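Listed below, chain by chain, are the residues.
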Amino acid sequence: MLSIDVFTSGYKPIAAPAQGWDPSAQATWPATTSTLISGEREAVLVDALITAAEADRLVDWIQAKGKELTAVYVTHGHADHFLGLSVVLAAFPSAIAVALPEVVPYAQEQLSQGYLAYWESLFPGQLPAGKPVAPEALHGEVIWLEGEQIRPVAVGQSDTHPSSVVHVPSAGAVVGGDVGYNGIHMWLAGTDAEARQQWLAALDIVEALRPNLLVVGHQAPEAPVDDVAEILAFSRRYLVDFDIALAAAADAAQLIATMTATYGKLGNPYTLFASATAQFASPQ
Ligand SMILES: [Zn+2]
């Protein structure tokens with residue numbers, strides 16, 4: 001029987017919000033999770049955050065649990081879920097870092113100069129020092145932990161494509177990457193209406209796994225992980241409502257106003273700003 005513990009980064013100020021953001025409001029990056037799946041002596045981590053400081057705190061948190069880390073699984077190729085890998089692997093040198101084979105090229109792309117410069121502009125001086133590390137392709141379909149299965153499941157589209165979740169049958173848990181969101185605005189900047197339809201199908205895949213716990217990549221720090229039906233229902237509602245609001249909106253400001261009327265209590269308003277402005281941006 002494996003157990004699940006969740007580390008949440010909290011919201012991080014970002015130094016270079018996209019053009020049009022009200023400079024009097026502090027833009028923040030959504031709170032991000034890293035999940036430890038533990039057996040008696042060993043553990044597997046899912047996703048590894050981005051800044052050096054939060055990766056250091058994550059390492060302390062894992063070490064305090066007294067487990068030997070054998071692997072880090074990366075759910076999708078966005079750097080805010082894996083640039084902390086170099087810090088984690090330095091602390092646990094025998095651990096391997098893996099992702100689905102189709103995710104690996106996207107993770108590697110995030111280590112290009114252009115992408116690293118983008119992330120550095122958001123978090124100046126805060127990225128881990130030294131050479132960043134991308135996950136390698138997972139061989140086979142299962143990560144074994146003390147005789148129990150940890151099963152990556154490809155789901156296609158989330159806030160990026162390709163994406164995956166992790167099913168932990170013995171814990172009744174799914175660690176959902178960015179497929180679901182919990183108590184926080186959903187990052188839709190990289191999606192269009194068609195991608196959001198595919199995203200709804202990804203939520204169906206998660207539901208079919210019938211988890212009792214659903215940990216998602218971005219959740220408000222206080223958000224419960226055991227109300228799976230609500231996390232799924234919320235994520236679906238938000239995607240559908242966003243497209244309804246988008247169809248009726250003349251510009252990003254209107255879209256933000258409509259969404260805020262329903263979802264104003266959610267964490268990280270900057271996410272909604274980025275999602276809305278991206279829909280109206282002229283193609284490059
Ligand atoms: Zn993310």
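Residues numbered from 1 in each chain as written. Predicted model: local features only at pLDDT ≥ 70, side-chain atom pairs only at ≥ 80, totals over all residues. Heavy atoms only, no water.

**Student:** Any details on the side chain of T191? Residues and values, ideally.
**Tutor:** Here T191 shows up in the loop between strand 13 (181–182) and helix 5 (193–208). Residue T191 is classed as buried on the basis of its relative accessible area, which comes to 6%. At 2.9 Å, the side chain of T191 forms a polar contact with the backbone oxygen of L188. (Helix = DSSP H or I, 4+ residues; strand = E, 2+ residues; numbered from the N terminus. Buried < 20%, exposed > 50% of the residue type's maximum accessible area, 1.4 Å probe, protein only. Polar contact = N/O pair within 3.5 Å; in protein donor to acceptor, adjacent residues only side chain to side chain.)

**Student:** Tell me about the sheet that holds strand 6 (residues 68–73), and please be specific about residues and values.
**Tutor:** Spatially, the 6 strands line up as an open sheet ordered 1-4-5-6-7-8, and their pairing is mixed. Each end of this open sheet is capped by a strand with a single partner; those strands are strand 1 (3–8) and strand 8 (136–137). Two strands pair when backbone bridges link them, and strand 7 (residues 96–99) and strand 8 are joined in this way by 2 bridges, in the parallel orientation. For A99, the partnering residue across the bridge sits in strand 8 and is A137. Across the sheet, helix 1 (residues 52–64) is in contact with strand 1, strand 4 (33–38) and strand 5 (42–46); its angle to strand 1 comes to roughly 150°. (Pairing = 2+ DSSP bridges. Contact = heavy atoms within 4.5 Å. Axes fitted to C-alpha atoms, helices over the stretch in contact; angles between N-to-C directions.)

**Student:** Before we move on, can you summarise the packing of aromatic side chains with the specific residues and values?
**Tutor:** Following the criterion strictly, the structure yields 12 aromatic pairs and no others. Ring geometry for W21 and Y270: centres 5.1 Å apart, planes at 80°, overall edge-to-face. Of this pair, W21 sits in the loop between strand 2 (12–13) and strand 3 (28–29) while Y270 sits in helix 8 (residues 269–280), and the two are 249 residues apart along the sequence. Y270 carries the same exposure label as W21, and that label is buried. Among the aromatic side chains, those forming a connected cluster through ring pairs are W29, Y118, W119, F123 and W187. (Phe/Tyr/Trp six-rings, centres within 6.5 Å; stacked < 30°, edge-to-face > 60°.)

**Student:** An account of the sheet that holds strand 14 (residues 213–215) is requested, with residue identities and associated values reported.
**Tutor:** Within the open sheet, the 5 strands sit side by side as 9-10-11-12-14. Their pairing is mixed. Lying at the two open borders of the sheet, with one neighbouring strand each, are strand 9 (143–145) and strand 14. Each strand of the sheet is rotated relative to its neighbour by a mean of 25°, with strand direction disregarded. The sheet contact formed by strand 11 (residues 163–168) and strand 12 (residues 173–175) spans 3 bridges and is antiparallel. Directly across from H167, in strand 12, lies its bridge partner V174. Packed on one face of the sheet, helix 5 meets strand 10 (148–156), strand 11, strand 12 and strand 14 and runs near 160° to strand 10.

**Student:** Lay out the packing of helix 6 (residues 228–248) against helix 8 in plain terms, naming residues and giving numbers.
**Tutor:** At a minimum axis separation of 12 Å, helix 6 and helix 8 run at an interaxial angle of 45°. Relative to helix 8, the element helix 6 is oriented oblique. For the pair helix 6 and helix 8, the crossing hand works out as right-handed. Of the residues in helix 8, those in contact with Y238, F242 and L246 of helix 6 are L272, S275, A276, Q279 and F280. (Parallel < 35°, antiparallel > 145°, perpendicular 65-115°, else oblique. Left-handed = near helix turned anticlockwise from the far one by under 90°.)

Purely spatial values, then, with no claim about function.
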